[in-house]
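# Geometric and topological summary
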Amino acid sequence: MTVEQNVLQPGGAAKHQQTFLNQLREITGINDIQVLQQALKDSNGNLELAVAFLTAKNAKVPQLEEATYYQTALPGNDRYISVGSQADTNVIDLTGDDKDDLQRAIALSLEESNRAFRETGITDEEQAISRVLEASIAENKASLKRTHPEVWSDSPNPYDRKRQDNCPVGLKNVGNTCWFSAVIQSLFNLLEFRRLVLNFNPPANAQDLPRNQKEHRNLPFMRELRYLFALLVGSKRKYVDPSRAVEILKDAFKSNDSQQQDVSEFTHKLLDWLEDAFQIKAEEERDGEKPKNPMVELFYGRFLAVGVLEGKKFENTEMFGQYPLQVNGFKDLHECLEAAMIEGEIESLHSENSAKSGQEHWFTELPPVLTFELSRFEFNQALGRPEKIHNKLEFPPILYLDRYMHKNREITRIKRDEIKRLKEYLTVLQQRLERYLSYGSGPKRFPLVDVLQYALEFASSKPVCTSPVDDLGASAPASGTLPPQIPPSTIEQQGPSSSEVPSTSPVQRSVIHKPFTQSRIPPDLPMHPAPRHITEEELSVLEGCLHRWRTEVENDTRDLQESISRIHRTIELMYSDKTMVQVPYRLHAVLVHEGQANAGHYWAYIYDHHQNRWMKYNDISVTKSTWEELERDSFGGYRNASAYCLMYINDKEQYLIQEEFNKETGQMLVGMDTLPSDLRDYVKEDNKRFEKELEEWDAELAQKAQQEKLLSQIPRAPAPSPAPVQAGEPEYLEQPSRTDISKHLKEDSVQAINKALAEQEDRGPEAIMDTAIKLEYTRLLKLAQEDPPPECDYRLRHAIVYFIQNQAPKKIIERTLLEQFGDHNLSFDERCRNIMKVAQAKLEMIKPDEVNMEEYERWHQDYRHFRETTMFLMVGLEFFQKKSYMEALLYLIYAYQNNKELLSKGPYRGHDEELISHYRRECLLKLNEHAAALFESGDDQEVNNGLIIMNELIVPCLPLLLVDEMEEKDIVAVEDMRNRWCSYLGQEMEPNLQEKLTDFLPKLLDCSTEIKGFNDPPKLPSYSTHELCERYARIMLSLSRTPADGR
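In the nomenclature of an unreviewed UniProt entry, the protein chain corresponds to Ubiquitin carboxyl-terminal hydrolase 25 from the organism Junco hyemalis. In the Function (unreviewed entry) part of its UniProt record, the protein chain is described as follows: "The muscle-specific isoform (USP25m) may have a role in the regulation of muscular differentiation and function." Under the UniProt heading Catalytic activity (unreviewed entry), the entry covering the protein chain gives this text: "Thiol-dependent hydrolysis of ester, thioester, amide, peptide and isopeptide bonds formed by the C-terminal Gly of ubiquitin (a 76-residue protein attached to proteins as an intracellular targeting signal)."

Following this line, the structure appears as structure tokens:
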């Protein structure tokens, strides 16, 4: 049965054959499909005989096949959410040389696979998908039962979950399902695929069909997928929940193993299920003709395999869906494709006598949607575990596939031969250039031009008549503090002796020269080595030769570099003629994986063809993006993020991305108008439920406001008159009124009043008050204009300093000064009491239109926010220095968040952002190391404590470090923390530790949870202004790292 029959008849023997081939590849590590097919044919479908046949011939298979097993068996879109191991009583030791053990392991594996397939009709990869889905649902349910407090939580406000205008709708991560979101969003944004799903009608006789496994799986899944797509089109929510579709997938398989496994070829299997669903409908609607399956027509193409096997030519047409490509060893997508299209020695294709084997692949029919799987995982034989390939691989936004088409095979072969010839010549030129750039025979090589230049500089230096040692000896003191028979260098190597101990004579100490320890070079010591003897004639001849040789080498180097550049350019333009740019494919989506082979997070970049921009789909978050951001995250070689799947679409097939139009009016259909009537009703019902949430929220807020209004109207007992604030009590931040000033403000006011009285003793209270206010303002202005060290922040001493530095309106500053001099605490003597009354009278005379009280309150609120941020920072740093990192973390987090909000209003509103970021980052790194050490101890209690630290402190904080992608140090720190835990994957450990690790890693690597807000911040101690300034200065002086402050 052909591959085409396999596609159209997925239940046939061809699908079983593919399953057997996958099992053979997994057991033997052999990737050559022809070898596997031949073994299966020779054994008449008996897997045990096929394995025995292949293992007997294993010596003939290159070892590279074994090393690259996971490159094929685990394609680039594999989902290594977590990998665990459980103790098994049937484990067979394969580490020894016992062949019986090997045969028993093979037989056991085949027996288990065959029995499972015979009993359920479900393949191993389908069971693997079932396991990960079950684990995802279980994780989601378990997360609802957690009682540990989070640093922040989702806001209950439904307006935070409301869709803004026509922004794309996100998908909620229901428990390690970011892979599901990335794939579904990529397919949903293919408008033709979206139309196919939305307009899918289940077969009319679905109830009469036999309830087989496929129907039980596919039709309910198609129903939920239609609902999910409809919500993505017309929902009023910011994101929707895909749990029902995931539940259908979970229920479709029967697996008793709930342990998470890798999601192998999920995209392929998803399209497989959709293909089966459409096939049922296609067979029902066919009218004597061969049924057409829209999934096949959209995603499947054909290629022609032409080659020679042991001297015999063959030619096969095969069908393909997702096209796998190896990444390792290639720099761009075209190199990957060239390697995938040619296998073995292709010279035999053009020779009648050659016995070599090889084959070429030529596309005969390309699908409208062409998907490339990038194999970024390989199996490390030494470590016994898969590893991710982080190499950089570039791919273009427009990919021309003409060179791989069967109709262009002749011209492509000519161009390939030409490129091969050019690359051989290029290799020769690069080797020649390397000899010029790395000259020498020793371990250290230098550019030949520099060598000649150094020789020229040496020859041109001023000749000296003595050796360097003699020259130093001549400068030694006449009295001789060093024994004459021992050279100074020997003394330096041996260390000081009794004869070297300096005497009390200052003259003797001042003339000793130690060339290795004394930084000041004597004036008579030459700066560079120089020839001792050289005549003018010798120097003239040598300079002429060196100049000429250097010029010749420079010319040769330049010629080689230009030739290499020309060849590179020729190779790049080899396929740029018009005949080879007729099959353009545009990049539609890039699915990105961040993490290691065993765990990671997934998101997608999808091109908006109508807005001509890239969008980033990261679970519930959908944001605008750029090609530059896509390059950084997708090409690889930067952090641990790289593309694992590329989706291209035929740029000439506009129906793939074209909107629908009303056939009668010709108007473009958008939003709900694109939905069938049943789905339109479904979305309307969901939107009504969400609108009800909004109404209930509004009603709750209105009820609270009414209650507060009623409480405010209840008469209260008069408040006692304010008493003077005692030293050490909280001021400004903790007092109910801003006019309850602290001791140091009272002293400042009295000092200004005394100066004013001294200058104008015979004047009245109003004139004295005006003078005192001017004196106080002059003092504060001087403080605001100074540039003090970080430990002395004058903004903490007075709000006016803060206002001046941030250019507050003049009226705000004047009213604040009047409040300072009109405070009741100045009523302790007659003179101050009179000035206080004048200030209070002036405050009462200020009209509402003269000072905007709302603005006035905002400025003072910002200043309280600044002092609060200072206290968060100060307390956090104090805990950090005491190595109380758990206590310090929350204070530093609030300090950073509050400070960021302040700095968004102006550069002088807050503190140095880099300082707070540094200690927040260091605190997380310290806690991560502590948690890792607890995990490594193996003790159950300590392991649990370490994971609690990670789950409740570290993991919730990681999005804060990743939210600003310009903070490179924060991103590197996150990668370091992740890599520390990922490094445990290849180590031997107890099964219970392995289980806990695999449960925890997805949380560490999946940082897509949107930050809604914090719970109540930690309580702050009460400080007077004097105490606050003193403690702040002390902590800032004690820091080992004190960058300049934010001002």
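After that view, the rundown keeps rolling.
For the rest of this paragraph, the subject is the overall build of the protein chain. When its secondary structure is counted, the protein chain shows 35 helices and 16 strands. Burial status across the protein chain gives 47% buried among its 1047 residues. Long-range pairs, those at least 24 residues apart, make up 74% of the contacts in the protein chain between residues at least 6 apart in sequence. Here the protein chain displays about 54,500 Å² of accessible surface, and carbon together with sulfur accounts for 51% of that area.

This part covers the packing of helix 31 (residues 913–937) against helix 33 (residues 968–982). Put simply, helix 31 and helix 33 touch, their axes get as near as 11 Å, and they point 0° apart. Compared by their axis directions, helix 31 and helix 33 come out roughly parallel. Contact residues: E914, S917, R920, R921, L924, L925, N928, E929, A931, A932, F935 and E936 in helix 31; K969, D970, A973, M977, R980 and W981 in helix 33. Each residue belonging to the contact of helix 31 with helix 33 can be placed in one class, and the counts come to eight nonpolar, two polar and eight charged.

Most of strand 8 (residues 369–375) is tucked away: seven of the seven residues are buried. In strand 8, alternate side chains face the same way, and those of V369, T371, E373 and S375 on one face and L370, F372 and L374 on the other are all buried. Relative to strand 8, strand 5 (residues 323–326) is paired through four bridges, and the arrangement is parallel. Among the inter-strand pairings, Y323 is bridged to a residue of strand 8, identified as F372. In this sheet, strand 16 (residues 641–650) lies alongside strand 8 in antiparallel orientation, the contact comprising five bridges. Across the sheet, residue V369 finds its bridge partner in strand 16, namely I649.

In a regular helix each residue adds 1.5 Å, so 21 residues correspond to 30 Å; helix 25 (residues 765–785) covers 30 Å between its end C-alpha atoms and thus fits that length. Looking only at helix 25, the buried set comprises A767, I768, M769, T771, A772, I773, E776, L780, L783 and A784.

Here we come to unusual backbone geometry. At D619, a residue that is not glycine, the phi angle is positive and equals roughly 55°. Position of D619 relative to the elements: it lies in the loop between strand 14 (613–618) and strand 15 (621–625). Of the residues examined, D619 reaches a relative accessible area of 5% and is grouped as buried. In this structure, Q807 is a non-glycine residue whose phi angle is positive, near 60°.

Any aromatic ring pair is given by two values, namely how distant the centres are and how the planes are angled relative to each other. Scanning the entire structure with this criterion turns up 33 aromatic pairs. Centre to centre, the rings of F320 and Y323 are 5.4 Å apart; their planes meet at 80°, and the pair counts as edge-to-face. Taking relative accessible area as the criterion, F320 reaches 6% and is therefore assigned buried. Connected via pairs of aromatic rings, a cluster forms that spans F395, Y607, W614, W627 and F635. One Lys or Arg, K415, reaches over the ring of Y575 and ends 6.0 Å from the middle of that ring. The ring of W859 is capped by R909, whose NZ or CZ atom sits 4.4 Å from the centre of that ring.

Between its first and last C-alpha, helix 32 (residues 940–962) extends 32 Å over 23 residues, near the 33 Å set by a 1.5 Å rise per residue. The largest bend in helix 32 amounts to roughly 35° and is located at I954, with the proline P956 lying one to four residues further along. At the N-terminal end of helix 32, a side-chain oxygen is found 3.2 Å from the backbone nitrogen of Q941, two or three residues along, and the residue is D939.

Together, E552, D556, D559 and E562 give the surface a local cluster of negative charge. Along the chain, E562 falls in helix 21 (residues 536–572). Residue class for E562 comes out partly exposed when judged on its relative accessible area of 40%.

What follows concerns the pattern of salt bridges. The tally for this structure, following the rule as stated, stands at 41 salt bridges. For E360, the salt bridge is made with R413, and the minimal N-O distance between the two is 2.8 Å. Separated by 53 residues along the polypeptide, E360 in strand 7 (residues 358–365) and R413 in helix 16 (residues 409–437) bring together distant segments of the chain. The same class applies to E360 as to R413, namely buried.

Turning next to the side chain of T816. Tracing the backbone shows T816 in helix 27 (residues 810–821). With a relative accessible area of 8%, T816 lands in the buried category. Within polar-contact distance, the side chain of T816 engages the backbone oxygen of I812 at 2.7 Å. Those residues in contact with T816, other than ones at most four positions away along the chain, are I800, F803, Y856 and H860.

Residues annotated in UniProt with the feature "coiled-coil region" (unreviewed entry) correspond here to residues 680–707. For residues 680–707, helix accounts for 100% and strand for 0%, while the C-alpha atoms at its two ends are 40 Å apart.

Here the focus is the packing of helix 27 against helix 28 (residues 830–845). Their axes nearest at 8 Å, the elements helix 27 and helix 28 cross at an angle of 140°. Note on packing geometry: the crossing formed by helix 27 with helix 28 is left-handed. Facing helix 27, whose interface residues are R815, L818, E819 and F821, helix 28 presents I835, M836, A839, K842 and L843.

The rules we used
- Residues numbered from 1 in each chain as written.
- Predicted model: local features only at pLDDT ≥ 70, side-chain atom pairs only at ≥ 80, totals over all residues.
- Heavy atoms only, no water.
- UniProt positions renumbered as here; feature names shortened; annotations may be inferred.
- Helix = DSSP H or I, 4+ residues; strand = E, 2+ residues; numbered from the N terminus.
- Buried < 20%, exposed > 50% of the residue type's maximum accessible area, 1.4 Å probe, protein only.
- Contact = heavy atoms within 4.5 Å.
- Areas by Shrake-Rupley, 256 points an atom, 1.4 Å probe, with all protein chains shown as cover.
- Axes fitted to C-alpha atoms, helices over the stretch in contact; angles between N-to-C directions.
- Parallel < 35°, antiparallel > 145°, perpendicular 65-115°, else oblique.
- Nonpolar A, V, L, I, M, F, W, Y, C, P; charged D, E, K, R; others polar.
- Pairing = 2+ DSSP bridges.
- Expected span 1.5 Å × (residues − 1).
- Phe/Tyr/Trp six-rings, centres within 6.5 Å; stacked < 30°, edge-to-face > 60°.
- Lys NZ or Arg CZ within 6 Å of the ring centre and 35° of its normal.
- Bend = angle between axes of the 7 residues up to and from the residue.
- Polar contact = N/O pair within 3.5 Å; in protein donor to acceptor, adjacent residues only side chain to side chain.
- Patch = residues over 30% accessible without salt bridge, like charges linked within 9 Å, V, L, I, M, F, W, Y side chains within 5 Å.
- Salt bridge = Lys/Arg side-chain N within 4 Å of Asp/Glu carboxyl O.
- Lys, Arg positive; Asp, Glu negative; His and termini not counted.
- Charge placed at Lys NZ, Arg CZ, Asp CG, Glu CD.
- Left-handed = near helix turned anticlockwise from the far one by under 90°.

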